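Read off the chains here:
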Amino acid sequence: QVQLVESGGGLVQPGGSLRLSCAASGTIFSLFKMAWYRQAPGKQRELVASITVGGRTDYANSVNGRFTISSGAAKNTVDLQMNNLQPVDTAVYYCYGLKGMTLQTAEEEYWGQGTQVTVSS
């Protein structure tokens, strides 16, 4: 029932910026953690940035200082501001959401379908 929908991908020149957004639908409870992953052709999917309900953020070393993850105005939404994009950032970016365990249920993970980010001159 839960779906994550990404938006904001596109084609930009090196040094350009993009802002990705993700919104969860069909949720009853707040997600404990949301994150952005990316996967380039022929490479493993990797964590780009994450944010918890408490506001703690973590970034991959390769994007730290250039990317900023933040919670959206609406519940279970997350944004990723990407500045100074470089060709190595080219990948499909996936939104991730984690529903924390409760006394009755285990953790549940949700993935978006991905949005393409291409950085090229």
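Scroll up a little and you will see the structure.
A.B. asks: Before we go on, may I ask you to explain the overall build of the protein in this structure?
C.D. replies: Within the protein, the secondary structure is distributed over zero helices and eleven strands. For the protein, whose C-alpha radius of gyration is 14 Å, the value lies close to the compact-globule estimate of 14 Å for 121 residues. Each principal axis of the C-alpha distribution contributes one length, and for the protein these read about 50 × 25 × 25 Å. Counting contacts in the protein only where the partners sit at least 6 residues apart, residues at least 24 apart contribute 55% of the total. Summed over its atoms, the accessible surface of the protein is roughly 6,800 Å², and 49% of this surface lies on carbon and sulfur atoms.

A.B. asks: I would appreciate a short explanation of the pattern of salt bridges in the present structure.
C.D. replies: When the charged atoms of two side chains lie near each other, side chains of opposite charge can form a pair. For the structure shown, the criterion picks out five salt bridges. A salt bridge links Arg 38 to Glu 46; the shortest N-O distance between them is 2.8 Å. Residue classification places Glu 46 among the partly exposed residues on the basis of a relative accessible area of 35%. A single network of salt bridges, built from pairs that share partners, joins Arg 38, Glu 46, Arg 66 and Asp 89.

A.B. asks: Hey, could you run me through the sheet that holds strand E7 (residues 67-71) in this one?
C.D. replies: Backbone-to-backbone hydrogen bonds pair the strands of a sheet. The strands run either parallel or antiparallel. Overall, antiparallel pairing links the four strands, which are arranged E1-E3-E8-E7 in an open sheet. In the strand order of this sheet, the two ends are held by strand E1 (3-7) and E7, each with one partner. When the angles between neighbouring strand axes are averaged without regard to direction, this sheet yields 15 degrees. Inspection of the sheet shows E1 paired to strand E3 (residues 18-25) by five bridges, in the antiparallel sense. Paired with Gln 3 across the strands is Ser 25, a residue of E3.

A.B. asks: Is there a simple way to explain the packing of aromatic side chains in this structure?
C.D. replies: This structure, assessed with the given rule, holds three aromatic pairs. Seen in terms of ring centroids, Tyr 37 and Tyr 96 are 5.5 Å apart; in terms of plane orientation they differ by 65 degrees. Their pairing is edge-to-face. Placement of the pair is Tyr 37 in strand E4 (residues 33-39) and Tyr 96 in strand E9 (residues 91-99), with a sequence separation of 59 residues. Overall, Tyr 96 belongs to the buried group, its relative accessible area being 5%. Taken together, the aromatic side chains of Tyr 37, Tyr 96 and Trp 111 make up a single cluster linked through ring pairs. Sitting over the face of the ring of Tyr 94, Arg 45 holds its NZ or CZ atom 3.9 Å from the ring centroid. Positioned over the ring face of Trp 111 is Arg 45, at 4.8 Å from the centre of the ring.

Cut-off values and rules
Residues numbered from 1 in each chain as written. Predicted model: local features only at pLDDT ≥ 70, side-chain atom pairs only at ≥ 80, totals over all residues. Heavy atoms only, no water. Helix = DSSP H or I, 4+ residues; strand = E, 2+ residues; numbered from the N terminus. Rg over C-alpha atoms; globule rule 2.2 N^0.38 Å. Contact = heavy atoms within 4.5 Å. Areas by Shrake-Rupley, 256 points an atom, 1.4 Å probe, with all protein chains shown as cover. Salt bridge = Lys/Arg side-chain N within 4 Å of Asp/Glu carboxyl O. Buried < 20%, exposed > 50% of the residue type's maximum accessible area, 1.4 Å probe, protein only. Pairing = 2+ DSSP bridges. Axes fitted to C-alpha atoms, helices over the stretch in contact; angles between N-to-C directions. Phe/Tyr/Trp six-rings, centres within 6.5 Å; stacked < 30°, edge-to-face > 60°. Lys NZ or Arg CZ within 6 Å of the ring centre and 35° of its normal.

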